[in-house]
Amino acid sequence: MSAIDNYYAALERLVSNCPEVLVVGKYKINQDSVCLEAGVGKGAIKPSRGEEFRRLANNIRKAASNYKAPESRLQKLESRLRKKKTQIEELEKNYLEALNRELILINKVKELEIRVSQFDGDVIKKIR
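Residues numbered from 1 in each chain as written. Predicted model: local features only at pLDDT ≥ 70, side-chain atom pairs only at ≥ 80, totals over all residues. Heavy atoms only, no water.

1. Let's talk about the side chain of Ser33
Step number 1: Position of Ser33 relative to the elements: it lies in helix H2 (residues 31-38).
Step number 2: Classification of Ser33 by relative accessible area gives buried; the value is 5%.
Step number 3: A polar contact of 2.8 Å, which involves the side chain of Ser33, links it to the backbone oxygen of Lys28.
Step number 4: Setting aside chain neighbours within four positions, we find Ser33 in contact with Leu14, Leu22 and Lys28. (Helix = DSSP H or I, 4+ residues; strand = E, 2+ residues; numbered from the N terminus. Buried < 20%, exposed > 50% of the residue type's maximum accessible area, 1.4 Å probe, protein only. Polar contact = N/O pair within 3.5 Å; in protein donor to acceptor, adjacent residues only side chain to side chain. Contact = heavy atoms within 4.5 Å.)

Shown next, in the form of structure tokens:
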């Protein structure tokens, strides 16, 4: 495998989020990250080294513009946690509103029971 092929293989691993050297999601695609993934020092890719390196640099720029770093596992978990907290807050709000309605209805029932008992008492008095 030639050096250029090694760089292209490294670029492909970075684009597919399957690096062998760098940590997944902890890199940006650029010439230095391709060099590190290829196992050489930073700055080894220089367009001034010839047409192949110019093409490689252009391909790296194109890949970088299309690349979106994957969310790390921690970021995914934090996102899920925020969603769950929002759901819990909404459920608590609904629960408290339901309790409030229950209390209002209980008070209304008590009030109506008192009125009915008064009405029953008045009816019984009139019958006697």
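Back to the text.
2. A few points about helix H1 (residues 3-15)
Step number 1: Taking 1.5 Å per residue, 13 residues should reach 18 Å; H1 reaches 18 Å between its end C-alpha atoms and fits that length.
Step number 2: Buried within H1 we find Ile4, Tyr7, Ala10, Leu11, Arg13 and Leu14.
Step number 3: Its buried side turned inward, H1 meets H2 and helix H3 (51-66).
Step number 4: Positive phi appears at Asn17, one or two residues downstream of H1, with a value of about 60°. (Expected span 1.5 Å × (residues − 1).)

3. Focus on the packing of H1 against H2
Relative orientation and spacing of two packed helices are given, respectively, by the angle between their axes and the distance between those axes.
Step number 1: Look at H1 against H2: their axes get within 8 Å of each other, and the N-to-C directions meet at 105°. With respect to H2, the axis of H1 lies roughly perpendicular. Contacts from Asn6, Tyr7, Ala10, Leu11, Arg13 and Leu14 of H1 reach H2 at Ser33, Val34, Cys35, Glu37 and Ala38.
Step number 2: Taken together, the residues that form the contact of H1 with H2 break down as 7 nonpolar, 2 polar and 2 charged. (Axes fitted to C-alpha atoms, helices over the stretch in contact; angles between N-to-C directions. Parallel < 35°, antiparallel > 145°, perpendicular 65-115°, else oblique. Nonpolar A, V, L, I, M, F, W, Y, C, P; charged D, E, K, R; others polar.)

4. Thoughts on the packing of aromatic side chains
Step number 1: Counting across every chain of the model gives 2 aromatic pairs.
Step number 2: Between Tyr27 and Tyr67, the aromatic rings sit 5.7 Å apart at their centres with planes inclined by 20°, giving stacked as the arrangement. With a gap of 40 residues between them, Tyr27 in the loop between H1 and H2 and Tyr67 in the loop between H3 and helix H4 (73-127) connect regions that are remote in the sequence. Residue Tyr27 shares its accessibility class with Tyr67, and that shared class is buried.
Step number 3: Between the NZ or CZ atom of Arg49 and the centre of the ring of Phe53, over which it lies, the distance is 6.0 Å. (Phe/Tyr/Trp six-rings, centres within 6.5 Å; stacked < 30°, edge-to-face > 60°. Lys NZ or Arg CZ within 6 Å of the ring centre and 35° of its normal.)

5. Here's the deal with H3
Step number 1: Taking 1.5 Å per residue, 16 residues should reach 22 Å; H3 reaches 23 Å between its end C-alpha atoms and fits that length.
Step number 2: Regarding H3, the residues found buried are Phe53, Leu56, Ala57, Ile60 and Ala63. Seen from one end, H3 has its buried residues packed into an arc of 125°, which puts them on one side. Seen from the buried face of H3, the exposed residues on the opposite side, beyond 90 degrees, are Lys62, Ser65 and Asn66.
Step number 3: Its buried side turned inward, H3 meets H1 and H2. (Arc of directions from axis to C-beta.)

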